[in-house]
Amino acid sequence: MRRLLLAVNGSASPAVAALPAIATPALASLVDEIAQNGHGLIMLMGKGGVGKTTIAAAVAVALARRGHAVHLTTSDPAGNLSETLRGSIEHLSVSRIDPHAETERYRREVMETKGKKLDAAGRALLEEDLRSPCTEEIAVFQAFSRAIREAGRKFVVMDTAPTGHTLLLLDATGAYHREVIRQMADTQMHFTTPKMQLQDQAKVLIVTLAETTPVLEATGLQADLRRAGIEPWAWVINNSLCAASSRSPLLRQRAQNEQGYIATVARQLAHRYAVVPLLAEDPVGVAHLEQLTMPAVAAEHKAIR
């Protein structure tokens, strides 16, 4: 592997000065800005495989280290926060929105409330109704809504499921919003729906890679969010060789290829953005996650060579 990285056209490369790291905003700058509010909902979105779980964990750890109460949660079936953290720190709690567990909890709650006064036939009919696929959607939506409400008093950092699943959840949120609006149209009562809270309070961070397909899919996600009235707060370009100051000619070539994608995000797509360098070691465990939210200069010596 070392020979491959140091070779150009199959031959050993002479010593070449490493490319300097480009001046890009670090993830630390976004965390500093997020921390100013003292609480809130931070949602990490993007396609599968771009590192949403890692970036979510890094943001949560950084906020907890600042002394803020933080709830790190995931709705991604493939997300494994415990494996990513490999430990615990003060002020940080971790959970997972498990569709199966949430559905079972919702079914028990309905049977213990609505089903309590029904006869045997009525309970059987209710049980059959709760086996509908929409029951899971309702249960997950309720768990999602609880997390949003919790963000009023602490930081909630949510590692969301890949793009398609997240958009389905947002569709459910929008449908609930429209139904509440319809029912409350003729009243003077003040009300707030989860969608209104997302539009007004959530900071959505779109995570991507400096590659063609991830940037295109992230651009489509941003368009979908805007149609839902949700404006992404920032973009995070993860695992960047361009920000890693590699000495390998092969990796330097890949780093040069990234520059156009980073420029597109910075100039055309994002209100604010950060670039996270590819590190020499996988960012697993609290200590390695903290490297991701170091200022760019301090973290540079830990980047891949």
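Residues numbered from 1 in each chain as written. Predicted model: local features only at pLDDT ≥ 70, side-chain atom pairs only at ≥ 80, totals over all residues. Heavy atoms only, no water.

S.K.: So what exactly am I meant to see when it comes to the pattern of salt bridges here?
M.R.: If the charged atoms of two oppositely charged side chains come close together, the side chains can form a pair. By the definition in use, this model includes 12 salt bridges. Across the pair Glu 290 and Arg 65 runs a salt bridge whose closest N-O atoms are separated by 2.7 Å. Here the residue Glu 290 occupies a position in helix H12 (residues 286-291), and Arg 65 occupies one in helix H3 (residues 52-65), the gap between them amounting to 225 residues. Ionic pairing is found between Arg 105 and Glu 102, a salt bridge with its closest N-O pair at 3.3 Å. A residue pair is termed a helical-turn pair when its members lie 3 or 4 positions apart in one helix, as Arg 105 and Glu 102 do in helix H5 (residues 99-113) at 3 residues. Note on Arg 105: relative accessible area 23%, which makes it partly exposed. Residue classification places Glu 102 among the buried positions, given a relative accessible area of 13%. (Salt bridge = Lys/Arg side-chain N within 4 Å of Asp/Glu carboxyl O. Helix = DSSP H or I, 4+ residues; strand = E, 2+ residues; numbered from the N terminus. Buried < 20%, exposed > 50% of the residue type's maximum accessible area, 1.4 Å probe, protein only.)

S.K.: How should the environment of Glu 258 be read in this particular structure?
M.R.: By the secondary structure assignment, Glu 258 is in helix H11 (residues 249-269). Sequence separation between Glu 258 and Leu 209 is 49 residues; the distance between their C-alpha atoms is 8.8 Å. Ignoring anything within four residues of it in the chain, the contact list for Glu 258 reads Ala 210, Asn 239, Ser 240, Leu 241 and Cys 242. A polar atom in the side chain of Glu 258 sits 2.8 Å from the backbone nitrogen of Cys 242. (Contact = heavy atoms within 4.5 Å. Polar contact = N/O pair within 3.5 Å; in protein donor to acceptor, adjacent residues only side chain to side chain.)

Geometric descriptors of this kind do not, in isolation, establish any biological role.
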